[in-house]
Amino acid sequence: MSETVAQSQTDPENLAVKLPRRVSAVTVTYHTGPVLWENLVAQLAQPELDELILVDNGNLPETRRRLAELAATEPRLRLLQPQRNLGFAAGCNYGASQAKADYLAFVNPDCVLLPGTFSAMMDVFEAEAGAWICGGRLQHPDGREQRGGRRQVVSPWRTLMEVLRLDRVFPNHPYFRRINSLEDEMPSGTVDVPTVSGAFMVIPRRLYERLGGMDDHMFLHFDDVDLCIRVGQMGGRVLYASQVPIPHHLSTSDVSRIFIEWHKARSASYYFVKHFQTSYPRWFLSLVSTLVWLRFCLLFFSRLPSDLPGIMRRLMGRHQS
């Protein structure tokens, strides 16, 4: 389904009419670790920040105490504590529902924004008509580009190719392009892409509300892929700003890899049915989902010995708190 983007003089979807350069940042945190404090300092240093809405899906008592102390002295920091782990998508929606600024920035708690990040993103929206979502250049702290910042449409076929690594058999065939574009040449400036990462993305708040936010059924992973595909279906543009670096620390949360991969497989199966049940035969969707779950089973048995101590530690900490 396609929908024409309105271009009236009073509609914020018309980028000829500048929205106020003010941002409500939403950060969802769950046992994030020490990098959280670097994240908060960096976000609060952005001049365009109106408010930083932190959704506490689960943190240690000491972390919660420090957050409360910081919020008492920093009026732009708003703490939301749903008392349970809502998941990433629902946590983002919860935070966005409390936002007041015209732009929403979803910032993972392990991203440490550089000075001028929000200003550069506002420049993109003012320059690019029809822009709905914009992501930055995810990179490791040493400056190397990370995978996932710019991606193709995550279709069942591409997922099958990724799981079986058929690109190694047909490395130059366009039908066997990988999902992540990390191996492609870095584009210059701002370009249209099918998908950007939910680790860092900016969207006008009204457009986020028009989309209905993220899909709460996706507890973790594929929420950003789903959001970007819906933007395309509604006639909006998904942009990748290569000139805006986003340092992103990985594996900073004290979370079981098994937990993450289980939700990843669950979200993938749901996403395939949601978007591709009319364009792929049911047997093919079942095949891809089966392979995704087989991949999870292999990871489960390989990761269980290393994950088990952390699982027990978190369970004991939960009972003690």
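First, a word on scope: everything that follows refers to the structure included in this document. The structure presented is a predicted model; accordingly, all values stated were derived computationally and were not measured.

Bringing the overall build of the protein chain into the picture now. Helix and strand content of the protein chain: 9 helices and 10 strands. C-alpha extents for the protein chain along the principal axes are approximately 55 × 55 × 35 Å. In the protein chain, which comprises 321 residues, the share counted as buried stands at 51%. Counted over contacts in the protein chain with a minimum sequence separation of 6, partners at least 24 positions apart contribute 82%. Here the protein chain contributes 35 positive and 33 negative side-chain charges, whose respective centroids are spaced 5 Å apart.

Let us now look at the nonpolar core. Formed by 35 residues in total, the largest nonpolar core has its most connected members in L52, L113, F118, F200 and V202. Sorting the residues of this core by element identifies β1 (23-30), α1 (35-44), β2 (49-58), β4 (103-107), α4 (117-127), β5 (131-139), β9 (200-204) and β10 (237-247) as the ones contributing at least two each. Here the element with the most residues in this core is α1; it accounts for 6 residues. If we skip the residues at most four places from it in the chain, V202 touches Y103, L104, A105, M121, M122, F125, W132, I133 and C134. Counting residues in hydrophobic clusters, the runner-up holds 28 residues, among them F88, L207, L211 and C228.

In this section: the pattern of salt bridges. Opposite charge on two side chains permits them to pair, given that their charged atoms come into close proximity. Enumeration over the complete set of coordinates arrives at 21 salt bridges. Measuring nitrogen to oxygen at the nearest pair gives 2.8 Å for the salt bridge that ties D142 to R144. The partner of E162 in a salt bridge is R178, and the shortest N-O contact between them spans 2.9 Å. A residue pair is termed long-range when its members are at least 10 positions apart, and E162 in helix α5 (residues 156-164) and R178 in the loop between α5 and β7 (190-192) qualify at 16 residues. Note on E162: relative accessible area 16%, which makes it buried.

Next up on the list: the pairing of β1. Among the 8 residues that make up β1, 8 are buried, leaving the element largely enclosed by the rest of the structure. Residue alternation in β1 divides its side chains into two sets, V23, A25, T27 and T29 and S24, V26, V28 and Y30, and both sets are buried. Sheet topology note: the β1/β2 ladder contains 8 bridges and is parallel. Each bridged residue has a counterpart across the sheet, and for T27 the counterpart in β2 is L54. For the handedness criterion, the β-α-β arrangement of β1, α1 and β2 is classed as right-handed.

Scanning all chains against the criterion turns up 16 aromatic pairs. A centroid spacing of 5.2 Å and a plane angle of 55 degrees characterise the contact between Y103 and F125, whose relative ring orientation is tilted. Of this pair, Y103 sits in strand β4 while F125 sits in helix α4, placing them 22 residues apart in sequence. In this structure, Y103 and F125 share a single accessibility class: buried. Aromatic rings pair up to connect F222, Y271, F272, F276, Y280, W283 and F284 into one cluster.

Calculation notes
Counting from 1, residues in each chain are numbered in the order their sequence is written. Local features are withheld for residues below a pLDDT of 70 in this predicted model, meaning they are given only at 70 or higher, and side-chain atom pairs are given and counted only at 80 or more; totals for whole chains, interfaces and linings count all residues. Side-chain measures here rest on the full set of heavy atoms in the structure, leaving out hydrogens and waters. Helical segments are the DSSP runs of H or I of at least four residues, strand segments are the runs of E of at least two, and each set is numbered from the N terminus. In this scheme, a residue with accessible area under 20% of its type's maximum is buried, one over 50% is exposed, and one in between is partly exposed, where area comes from a 1.4 Å probe on protein chains only. The contact criterion used is simple: two residues touch if any of their non-hydrogen atoms lie within 4.5 Å. In this tally Asp and Glu are treated as negative and Lys and Arg as positive; neither His nor the chain ends contributes. For the purpose of locating charges, the reference atoms are NZ of Lys, CZ of Arg, CG of Asp and CD of Glu. Residue types Ala, Val, Leu, Ile, Met, Phe, Trp, Tyr and Cys, when buried and joined through side-chain atoms within 4.5 Å, form a set referred to as a nonpolar core. Basic side-chain nitrogens of Lys or Arg form a salt bridge, by our definition, when they fall within 4 Å of a carboxyl oxygen of Asp or Glu. Two strands form a pair only when DSSP identifies at least two bridges running between them. Handedness rule for crossovers: strands pointing away from the viewer, path from the first strand over the helix to the second running clockwise, crossover right-handed. When two rings of Phe, Tyr or Trp (its six-membered ring) have centres within 6.5 Å they constitute a pair, described as stacked for plane angles under 30 degrees, edge-to-face for angles over 60, and tilted for the intermediate range.

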